[in-house]
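Structure at a glance
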Number of protein chains: 2
Amino acid sequence: MSVHQPLAIGIDIGGTGTKFGIVDRDGNVLFSGEMSTKKHKEIEGFIDELDGHLGELIEKAGGIGRIRGIGVGAPNGNFYTGTIEYAPNLPWSGIIPIAKMMSDKFQLPVTLTNDANAAAIGEMMYGAAKGMRDFIMITLGTGVGSGIVANGQLIYGHDGFAGELGHTVVIPDGRMHQGTGKRGSLESYASATGVRLTALEMLENSTEDSLLRAADKDTLDSKVVYDAAIKGDKLALEIFEFTGKILGMALANAIMFSSPEAIILFGGLTKSGDLILKPTRKHMEENLIQVFQNKVKILVSHLKESDAAILGASALAWDKQ
Amino acid sequence: MSVHQPLAIGIDIGGTGTKFGIVDRDGNVLFSGEMSTKKHKEIEGFIDELDGHLGELIEKAGGIGRIRGIGVGAPNGNFYTGTIEYAPNLPWSGIIPIAKMMSDKFQLPVTLTNDANAAAIGEMMYGAAKGMRDFIMITLGTGVGSGIVANGQLIYGHDGFAGELGHTVVIPDGRMHQGTGKRGSLESYASATGVRLTALEMLENSTEDSLLRAADKDTLDSKVVYDAAIKGDKLALEIFEFTGKILGMALANAIMFSSPEAIILFGGLTKSGDLILKPTRKHMEENLIQVFQNKVKILVSHLKESDAAILGASALAWDKQ
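Residue and element names in this part refer to chain A. End to end, helix α3 (residues 115-126) covers 16 Å across 12 residues, agreeing with the expected 16 Å (1.5 Å per residue, within 8%). Most of α3 is tucked away, with 9 of its 12 residues classed as buried. Along α3, the residues classified as buried are Ala116, Asn117, Ala118, Ala119, Ala120, Ile121, Gly122, Glu123 and Tyr126. Sitting at the head of α3, Asn114 places a side-chain oxygen 2.7 Å from the backbone nitrogen of Ala116.

Quick look at unusual backbone geometry now. Here Asn294 of chain A, not a glycine, exhibits a phi torsion of approximately 55 degrees, which is positive. One can find Asn294 of chain A in the loop between α8 (274-287) and β12 (297-300). Residue class for Asn294 of chain A comes out exposed when judged on its relative accessible area of 67%. Phi angles above zero are rare outside glycine, and Asn151 of chain B is one such case at about 50 degrees. With respect to the helices and strands, the residue Asn151 of chain B is situated in the loop between β9 (144-150) and β10 (153-154). What makes Asn151 of chain B buried here is its relative accessible area of 15%.

On to the interface of chain A and chain B. Taken together, the contact pairs 49 residues of chain A with 49 residues of chain B. Across the interface of chain A and chain B, roughly 4,000 Å² is buried in total on both sides, 62% from carbon and sulfur atoms. Interface area lost by chain A to chain B is led by His158, Phe257 and Ile289 of chain A, which between them contribute 19%. Our count for the contact surface shared by chain A and chain B stands at 4 salt bridges. One salt bridge in this structure joins Asp173 of chain A and Lys245 of chain B, with 3.5 Å as the shortest N-O distance. Between the two partners, chain A and chain B, sit 24 residue pairs in polar contact (both at pLDDT 80 or more).

Conventions adopted
- Residues numbered from 1 in each chain as written.
- Chains lettered and ligands numbered in written order.
- Predicted model: local features only at pLDDT ≥ 70, side-chain atom pairs only at ≥ 80, totals over all residues.
- Heavy atoms only, no water.
- Helix = DSSP H or I, 4+ residues; strand = E, 2+ residues; numbered from the N terminus.
- Expected span 1.5 Å × (residues − 1).
- Buried < 20%, exposed > 50% of the residue type's maximum accessible area, 1.4 Å probe, protein only.
- Polar contact = N/O pair within 3.5 Å; in protein donor to acceptor, adjacent residues only side chain to side chain.
- Contact = heavy atoms within 4.5 Å.
- Buried area = accessible area lost by both parts, 1.4 Å probe.
- Salt bridge = Lys/Arg side-chain N within 4 Å of Asp/Glu carboxyl O.

Remember, this is a structural readout, not a statement about activity or role.
Here it is as structure tokens:
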């Protein structure tokens, strides 16, 4: 790495943790770190801790003079205003002017967007969506995020909040979302939280024998369900089938809306591989009208999970040049 | 009108009828006409009849030398390929190379798109969406069509078929759509056909007294339901409430996807005014997460229904210049 090469900082704020890194123009994450989001009830404390971590990384990278700017991906992050607004999965309520707070603190230009939009930019620049002009990025993590690219451009919408596919209603009057108070959203079913709730519900409502009955209810998550499913556990397989049915229907709806070349999936749930992908594909195709059938690819991001969000966020900083 | 002013032809092909007209650059429909789509089981006969009608209009307008081109809006019309593909509401099955067939016949350049996309272009050039960069056009006619504009551009998707909001699933395992064989689509509920089916179902499943019980079942349509509802008929009001509940939910989902400034409604169902708009707005807001609430306008197209589709289609011909 040349001492003169400019660098950018990418920050990915998630409901649980925040990842950050220093990235070069070729998409190499040179230095990176992680901290808790959840424990900071106050945004000020969060930014103070982040400042400490970034300071160390910037020093290692050769000083602040090499850093062109900071890109931030966050749930409900608004590209136009630089504010995080009413993010149901973050500890800070209301409207947080995070871009301004960060640029005041770090003395660098800060660009903000929705975390899934940042991931979509990362995939378009460095990942599975390279060269695509129409695709949808869907992140299946603690929540469900999405970034929509059409005509080669990220869709921000009139107010900067486009791409909240996770909050679209898939089951009318369905499961209550604790963060939003709304019923039946995709996120209530196809997120890590959703899979856990499905598992708990199915265990409660069935008397079927299952490896999951031995699991600790507090730590029961999609990994535990996965481990049971690969051993052939019927209930665990049903959980994936149910999740894939809902996710597949939501993907079909998204396809009929913006007709992408591919849907790129990313995040914890994709680690379950075909257990989740097979039912998802099947139900997606079943819900598509003929003109859309058998032509939209479902791809799993091949970027390292820890890097992808940082890469995407950092790309925002280059864009701003 | 100057004898030298160039003109364009706009054609709107619907499941029941086809409208066509000759339009100047300012959006004045100078001459127009209408014919049946439904009665033509063969596309060749349809084009022959259309050729006869257009010939007369072109003569009136001063001859073919003044016509710059033809724009066509049709269900499942593909902008990229000029073909109508597997349109469930048209009498012609499979893939119809209609742009080529028309340009061979009429000896004029022909541009095709989805009927709702054409309507969106019409609204953007001459109607309620003038000056907007992000909006969704939804046509509530025999079927439900949509055209999505983001960043000031119509979203065609990778294959030219974006905007099929009418076929998105709103009620999983819901009502069967006769044309597509799929269950629970928006079109099965929020179209003229859908309202009729809801009315027939409600009459069947309830014993409640209603003015609709006296109606002829074969001609029972949203107009009949409207006439009963304004007289305070409880069942008729329930039909609008039910339709608005589903339409409102679908609008909320579309908003959370592309975050438009406004949704522009067009077509027969909008003639019921507040009877359909009030429950639609209410359920739309109820299903939106906070960040989207109370900021997206629902507007009813103020273009003359007979003109709007022709105007939008004709705009395609100017675009091609």
